[in-house]
Amino acid sequence: MTARFNPARFAVYLLLILFALIFLIPVYVLLSSSLKTFAEVQDLSRLWAPPQGLNLESFKAAWAGIPEKGLRGLAPNLMNSFKLTIPATILSALLGSMNGYVLSKWKFPAANIVFPLMLFGMFIPYQAVLVPLTVTLARIGLGGSLWGLILVNVVYGLPITTLIFRNYYSEVPNEMIEASRMDGAGFFGIYRFIMFPLSLPGFVVVIIWQFTNIWNEFLFAVTILQKPEMQPITVALRNLSGSQIKEWNVVMAGAIIAAIPTLIVYIVMGRYFVRGLLAGSVKG
Amino acid sequence: MKSQSRNERWIAFLMILPSIILLGIFVYGFIAWTGVVSVSKWDGIQPDYTFVGFNNYKQLFSLALGGISAIRFHIDLWNTFFFTIFFLFLCLIFGLLLAILLDQKIKGEGIFRTIYLFPMAISFVVTGVVWQWIFAPGTESRARGVNALLQSLGLDNLTWGWYTDPTRIGPFHVALIPVIIAAAWQMIGYTMAMYLAGLRAIPDDLREAARVDGAGSFGVYRHVVLPLLAPITLSALIILGHISLKIFDLIYTMTGKGPAFATDVPGIFMFETTFQGNHYAQGAAISIIMLLMVALIIIPYLIYSFRQEVEL
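Residues numbered from 1 in each chain as written. Chains lettered and ligands numbered in written order. Predicted model: local features only at pLDDT ≥ 70, side-chain atom pairs only at ≥ 80, totals over all residues.

A short note on the overall build of chain B
Stage number 1. Helix and strand counts for chain B stand at 14 helices and 2 strands.
Stage number 2. Seen through its principal axes, chain B has C-alpha atoms that stretch 80 × 70 × 30 Å.
Stage number 3. The buried share of chain B, taken over its 312 residues, is 45%.
Stage number 4. At a minimum sequence separation of 6, the contacts of chain B that also span at least 24 residues come to 62%. (Helix = DSSP H or I, 4+ residues; strand = E, 2+ residues; numbered from the N terminus. Buried ≥ 20, exposed ≤ 12 C-beta atoms within 10 Å, placed from the backbone. Contact = placed C-beta atoms within 7 Å.)

Details of the overall build of chain A
Stage number 1. Along the backbone of chain A there are 13 helices and 2 strands.
Stage number 2. The globule rule puts the C-alpha radius of gyration for 284 residues at 19 Å, and the 24 Å found for chain A is more than 25% above it.
Stage number 3. Across the 284 residues in chain A, those meeting the buried criterion constitute 49%. (Rg over C-alpha atoms; globule rule 2.2 N^0.38 Å.)

A look at the interface of chain B and chain A
Stage number 1. In this complex, chain B contributes 74 residues to the contact, which on the side of chain A involves 71 residues.
Stage number 2. Top contributing element to the side of chain B that touches chain A by residue count: helix 1 (residues 6-38) of chain B, with 18 residues.
Stage number 3. Considering only residue class, the side of chain B that touches chain A consists of 52 nonpolar, 16 polar and 6 charged. (Nonpolar A, V, L, I, M, F, W, Y, C, P; charged D, E, K, R; others polar.)

Considerations on the nonpolar core
Stage number 1. With 174 residues, the main nonpolar core has A:Leu149, A:Leu237, A:Ala255, B:Val126, B:Val130 and B:Ile251 as its most contacted residues.
Stage number 2. Considering every element that reaches this core, the biggest residue donor is helix 13 (residues 248-279) of chain A, with 16 residues.
Stage number 3. Not counting the four nearest positions on each side in its chain, B:Val126 is found in contact with A:Leu237, A:Ala255, A:Ala258 and A:Ala259. (Core = buried A, V, L, I, M, F, W, Y, C linked by C-beta atoms within 7 Å.)

Comments concerning the packing of helix 4 (residues 68-102) of chain B against helix 11 (residues 230-245) of chain B
Residue and element names in this part refer to chain B.
Stage number 1. Closest axis-to-axis distance for the helix 4/helix 11 pair is 10 Å, and the angle between their directions is 140°. Taken as a pair, helix 4 and helix 11 cross one another with a handedness that is right-handed. Of helix 11, the residues touching helix 4 (which contributes Thr80, Phe83, Thr84, Phe87, Leu88, Cys91 and Leu92) are Thr233, Ala236, Leu237, Leu240, Gly241, Ser244 and Leu245.
Stage number 2. Class assignment of the residues belonging to the contact of helix 4 with helix 11 gives a composition of 9 nonpolar, 5 polar and no charged. (Axes fitted to C-alpha atoms, helices over the stretch in contact; angles between N-to-C directions. Left-handed = near helix turned anticlockwise from the far one by under 90°.)

Thoughts on the environment of A:Phe120
Stage number 1. Tracing the sequence through the fold places A:Phe120 in helix 5 (residues 111-120).
Stage number 2. Judged by C-beta crowding, with 19 C-beta atoms within 10 Å, A:Phe120 ranks as partly exposed.
Stage number 3. For the pair A:Phe120 and A:Pro159, spaced 39 residues apart in sequence, the C-alpha to C-alpha distance is 7.7 Å.
Stage number 4. Excluding residues that lie within four positions of it along the chain, A:Phe120 makes contacts with B:Val27, B:Ile298 and B:Leu302.

A look at helix 11 of chain B
Stage number 1. Its 16 residues give helix 11 of chain B an end-to-end C-alpha distance of 22 Å, which sits within 8% of 22 Å, the value for a rise of 1.5 Å per residue.
Stage number 2. Among all positions in helix 11 of chain B, only B:Ile232, B:Ser235, B:Ala236, B:Ile238, B:Ile239, B:Leu240, B:His242, B:Ile243, B:Ser244 and B:Leu245 are buried. (Expected span 1.5 Å × (residues − 1).)

Brief notes about the packing of helix 13 of chain A against helix 8 (residues 176-201) of chain B
Stage number 1. Axis separation between helix 13 of chain A and helix 8 of chain B bottoms out at 10 Å; the angle between their running directions is 90°. Of the possible angle classes, the one that applies to helix 13 of chain A and helix 8 of chain B is roughly perpendicular. Counted together, A:Val274, A:Leu277 and A:Leu278 of helix 13 of chain A and B:Tyr190, B:Ala193, B:Met194 and B:Ala197 of helix 8 of chain B form the full contact between these two elements.
Stage number 2. Of the residues that constitute the contact of helix 13 of chain A with helix 8 of chain B, the class distribution is 7 nonpolar, no polar and no charged. (Parallel < 35°, antiparallel > 145°, perpendicular 65-115°, else oblique.)

A closer look at the confidence of the model for chain B
Stage number 1. Here chain B averages 93 in pLDDT, while 98% of its residues score no lower than 70.
Stage number 2. With pTM at 0.93, the complex prediction returns an ipTM value of 0.92. (pLDDT = per-residue confidence, 0-100.)

Remarks on the environment of A:Gln52
Stage number 1. Structurally, A:Gln52 can be placed in the loop between helix 2 (38-42) and helix 3 (57-64).
Stage number 2. Note: C-alpha distance between A:Gln52 and A:Leu35 (17 residues apart in sequence) is 8.7 Å.

A look at the environment of B:Phe30
Stage number 1. Summarising the element assignment, B:Phe30 is placed in helix 1.
Stage number 2. Here B:Phe30 falls in the buried class, since 21 other C-beta atoms lie within 10 Å of it.
Stage number 3. Residues contacting B:Phe30, with those up to four places away along its chain left out, are A:Val129, A:Pro132, A:Leu133 and B:Ile25.

If you want it as structure tokens, here you go:
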């Protein structure tokens, strides 16, 4: 390659930068609006202008609420999201790992039918299960509770976690397993000493993917949890943005608070995130 | 594997059994249950499983029987159709373009990739909130969002009502345009990632060989790369297509059903009629239709995927 000016390459970079700027418009909107005061955000002549100072008032309002205006803070909802997402992610990863192990190394009769039937569960429109789901949760005493929502996210997360682990474990050579059987390892021994240690990167992919999905999930949460103080942050943010007097600076600050946890995970672990993403297209 | 004992095979099966049972109930059992609701009379808080045949479906499809419900559902189907077509088009075109651009041995590729893909990491609700602001029209004297930008550029005649505009061109509601843009913004990066993975999987020798045969860089793409990306395009079409058939969160947050159902989709209709109107049977019928539409593209895809796997 030479350092000579190359118009084609220049055009490529120009396009890439142009697209990057377009993609970042919503980020600019989020940041600039959230850092404004209410008076500033009301001034339509400065609608797209950057904030005049770094004002964190709207973040404070989004976090703690403004009781005298009847505005609820998002802090408890953020906590709910963590209380929901962390156990649901871990449980669905562990179950998915066990399923993947069985499906890749212990093929039982009909496994080739059972697995696609399991996978279909990740594509269905969840509207088609919502009513039976809420009726059943209420009947088993989990209606309107975070535990109910955890259960739901674990169950409907099983297809994707099973898929990722199954594809992952398929790459483990059968000779390795045969060898450890010679050493007397059984079903659990092979899992404990061979598969599980080998699958730590697989766990990272699955955990990141499930964390993001469950954190961002909306339909189950809005259907199952009615009480505002119980809802995760996606539902609370929707309520905040749907309120009558819209304080856009507070809504945008709330949106940032809701997006930050998954964004941090994405920026730090982006490589693994992409792997989870591509696994969703079945063949991975 | 031959050394597996009968006993251990049972243990293995027992370990996966809970998941099979849970999915059996939560997916197939509940779908069947919804199916039963969809042919019942359940209309109100109290469940009523009296069988009414396909009445609820007929009321969605027949304008004579269903009145406003049928009008709304017809609009929903058209909206889903146009939303899907334009959304897929934008995602595939720009996803492929960005992947090809990024495949040119770019300095700072990681940064560009991170920027294009980050919308996938955030919730449709956040996306809905931001794009609601961007396309909020305001009024002529107090323009907001994109309209304010257009006004400040002196392009007043280009301002319009965006998602608040009930205008239709034939069966196409123009209010869908901002929603389609928001959805594409979120999913273009995903399509790019799929294409980029596909491009990286093409061995360099193949492109080299085409170059030796005298193909220019455009010819290499036209005759070697693009044909090899066809399976990826199929996957992307299926994955994005089924997402758009069941889209809910984004539109529900950004615009709701819109003026005269301009941005309504089956997902919103089902949610509102079931949980706000208590028309459980009607909601069930809508969701079964959604399921059939998704199944129509997903089941052949799953069969195709597994056939390929077995062959490999």
